[in-house]
Amino acid sequence: MKSQQKCIVIFALVCCFAVLVALIFSAVDIWGEDEDGITEENCSKNCRAVLVENIPEDISFLDNSTAHVPLSVGLSNLLDRAIRVVEIVSPLWLLNSSDYESSFHPAARQGRALLSRLQGLKAKRIQLKIASEATDSAELNTLAKHKAEVHYVNTTALTKGHLLSSFWVVDKTHFYIGSASMDWRSLATRKELGVLVYNCSCLALDLHRVFSLYCGLQNKDFIPSFWSKRLFALFNRDAPLEFTLNSTKAQAYISTSPDVFIPKDRSNDLEAISRVIQEARHFIYVSIIDYLPLVSRNAHRYWSRIDGLIREALILRKVRVRLLISCWEKTEPLTFNFLWSLRSLCMEQANCSLEVKFFNPRVQRGGSLQGINHNKFMVTDQAIYLGNLDWMGNEFTFNAGAGLVISQPEGIEERNSTVVEQLRAAFERDWFSRYTSSLHANKIPVCNKHQMSSLVSVKSSHIDNGPVPIRTGQRDNGPAPLRNSCKDDGQTAHKTRHSDDRLSKISRQKTTNGLVPIIDSHQERGRVKMSHLDSSQAQIKENYRDNPMEAPSQSAESSGSREISIGYL
């Protein structure tokens, strides 16, 4: 009888152990995929890198300016090299443009050509694997019918954000990472930049592990407590890959966001950006869509991580900082307050240099904006950081992105051969081009296209090789822009009553040298009613006599999620 009871107890313990193991494995079932025998010890460390760009047809630089491989050509070259498998992560899948869109933009056909090439991988016995959250994409449905392996990640359920990573991995040997997504506009109407890295299985294998992590999250509404060793990072900011890039010694590693998606040894994007900024000695050049050091959910909260690092670089180390920010329809008015605040640091400081410019889009048929500068990179005298996220608190807190850091030492003989120097040249080409305008004290650049329909009717003779003047309109639920110094002299109401008259005059004035007109004060952009300075309480009501705005939809939390939700530009 006792032996029978012992057997029952042992059996019960074995069952409990089996259930425990099953529960553990259910939380750690993201194992990663076969790595084709490539290890950290035998991977290739003699690599070649090429910058790739998409420059829209209506944007032209000087003949002797920096030029790189067209993005469409670079991606096709990756497909030419594929032998076994192509892995792609993209926030958008919209390669098929309509016939109407193609008639306006001949380059839109490049999206269809790329989609056709991806469909043709099956005939070459090359496996196509995709990770995305775009469950409603016709392109992904088509590729799935052509035997593509599509993994859908519900990032919103996992992080309350979006999957904004954008990269390719080919045969765990070559890879692409950059700002472009699988959208025909990334190959036609938007200004994009990325890097192709060839014969570099060390870094490609590490990026493949990021891809495997995304694939393992398919159909999950929770984040595992543990990660498999096959997802651990091979390199990070404290132990980067030591390798040869374009015949020059270099260091590199892959970073990701957000923190909940980071397994052991992986540096997050903020750590990567922090290290690059802290190691800069002479200059920091940044090209991004949006700059907003706030985390916004139910209320705005100051997010100091990057903003504080820039201030330290300016004041403590006297590093020259240039910020090139896109001027587009979703530019947040509070952006200007933070930029003015940064500039004010250098007003009484010797050897302190902070410059801000806005890259202005071009106006096309129908009043749409094209040529948005979609770049997301930073270059210093020591290194580059090339990622998928804008410098906004929500991006790094909620959204999934991936970045690449490459460091190359100063003092080498052929600086033009380094990726650092090439990216610096690309930044300076954009910075000094006729498509940028400088930030002026208490003057808000015009970045919104809500008034485009009325302004496009302005006679083309009023424009001297520049964009049609456009102006910013705030959303009803958005914060009001604050000026550094405001005087209540009793004339505000008088100015507001005549705002429409001033705006009509602005719309008629000529633009020269490719610069966008600037409105002198925010009162002239709409009637502002503020209960106090808390931006979450600010309300803006714009009263346009001739062209009232439609009620805006709720904006998404990041530039990437805005793109997903509204398919901008």
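Residues numbered from 1 in each chain as written. Predicted model: local features only at pLDDT ≥ 70, side-chain atom pairs only at ≥ 80, totals over all residues. Heavy atoms only, no water.

Caption draft 1: Looking closely at the state of the cysteines. In the structure shown here, the tally under the stated rule is three disulfides. Here Cys43 engages in a disulfide with Cys202; their sulfurs sit 1.8 Å apart. Residues Cys43 and Cys202 are joined through a disulfide that is right-handed, its torsion about the S-S bond being 85°. Taken together, the residues Cys43 in the loop between α1 (2-27) and β1 (46-54) and Cys202 in helix α7 (residues 201-216) connect sequence positions 159 residues apart. (Disulfide = S-S within 2.5 Å. Helix = DSSP H or I, 4+ residues; strand = E, 2+ residues; numbered from the N terminus.)

Caption draft 2: Geometry of unusual backbone geometry. Here the residue pair Ser257 and Pro258 is connected by a cis peptide bond, since its omega of -10° sits within 30 degrees of zero. Considering the arrangement of structural elements, one finds Pro258 in the loop between β12 (248-257) and β13 (267-268). Phi angles above zero are rare outside glycine, and Lys172 is one such case at about 55°. As for its placement among the helices and strands, Lys172 is situated in the loop between β7 (167-170) and β8 (174-178). If you check the backbone angles, Asn246 has positive phi at about 50° while not being a glycine. According to the relative accessible area criterion, Asn246 is buried, its value standing at 16%. (Buried < 20%, exposed > 50% of the residue type's maximum accessible area, 1.4 Å probe, protein only.)

Caption draft 3: Molecular detail of α7. The terminal C-alpha atoms of α7, which comprises 16 residues, lie 22 Å apart, in line with the 22 Å expected from a rise of 1.5 Å per residue. In terms of burial, α7 is a largely internal element, 15 of the 16 residues being buried. (Expected span 1.5 Å × (residues − 1).)

Caption draft 4: Expanded view of the packing of aromatic side chains. One pass over the full model with this rule turns up twelve aromatic pairs. An aromatic cluster is defined as three or more aromatic residues linked by ring pairs; in this entry it consists of Phe283, Tyr285, Phe377, Phe427 and Trp431. One residue, Lys191, lies across the ring of Phe359, its end atom 5.6 Å from the ring centre. Directly above the aromatic system of Phe61 lies the positively charged group of Arg429, at a separation of 4.5 Å from the ring centroid. (Phe/Tyr/Trp six-rings, centres within 6.5 Å; stacked < 30°, edge-to-face > 60°. Lys NZ or Arg CZ within 6 Å of the ring centre and 35° of its normal.)

Caption draft 5: Broad picture of the pairing of strand β19 (residues 354-359). For β19, the buried fraction is high: five of the six residues fall into the buried class. As judged from the six bridges shared by strand β18 (residues 320-326) and β19, these two strands associate in the parallel manner. The residue of β19 that forms the bridge with Arg322 is Glu355. After leaving β18, the chain enters helix α10 (residues 334-345) and then returns to the sheet as β19, a path that is right-handed. (Pairing = 2+ DSSP bridges. Right-handed = clockwise from strand over helix to strand, strands pointing away.)

Caption draft 6: Representation of the side chain of Asn373. Its place among the elements puts Asn373 in the loop between β21 (369-370) and β22 (377-380). A distance of 3.4 Å separates polar atoms of two side chains, one belonging to Asn373 and the other to Lys191. Of note is the side chain of Asn373, whose polar atom sits 3.1 Å from the side chain of Asn375. Apart from the residues lying within four places of it in its own chain, the contact partners of Asn373 are Lys191, Ser287, Ile289, Leu324, Ser326 and Phe359. (Polar contact = N/O pair within 3.5 Å; in protein donor to acceptor, adjacent residues only side chain to side chain. Contact = heavy atoms within 4.5 Å.)

Caption draft 7: Quick look at the pairing of strand β10 (residues 192-198). Counting buried positions along β10 yields seven of seven residues, so the element is predominantly enclosed. The two faces of β10 match: Glu192, Gly194, Leu196 and Tyr198 on one face and Leu193, Val195 and Val197 on the other face are all buried. By the bridge criterion, seven bridges tie β1 to β10 in an arrangement that is antiparallel. Within the sheet, the bridge partner assigned to Ala49 lies in β10 and is Val197. Where β8 lies against β10, four bridges are found, and the strand directions are antiparallel. The residue bridging Tyr176 from the neighbouring strand is Leu196, located in β10.

Caption draft 8: Quick look at the environment of Val195. Position of Val195 relative to the elements: it lies in strand β10. Look at Val195 and you get buried, because its relative accessible area is 0%. Taking C-alpha positions, Val195 is 6.3 Å from Gly178, a pair spaced 17 residues apart along the chain.

Caption draft 9: Quick peek at the pattern of salt bridges. Taken as a whole and assessed by the stated rule, the structure comprises 13 salt bridges. The closest approach of N and O atoms between Arg185 and Asp183, which form a salt bridge, is 2.6 Å. The burial state of Arg185 is the same as that of Asp183; both residues are buried. For Asp430, the salt bridge goes to Lys191, with nearest N and O atoms at 2.6 Å. Linking Asp430 in helix α12 (residues 419-431) with Lys191 in the loop between β9 (182-183) and β10, this pair joins segments that are 239 residues apart in sequence. Judged by its relative accessible area of 0%, Lys191 falls in the buried class. One salt-bridge network, held together by shared partners, links Glu53, Lys191, Arg429 and Asp430. (Salt bridge = Lys/Arg side-chain N within 4 Å of Asp/Glu carboxyl O.)

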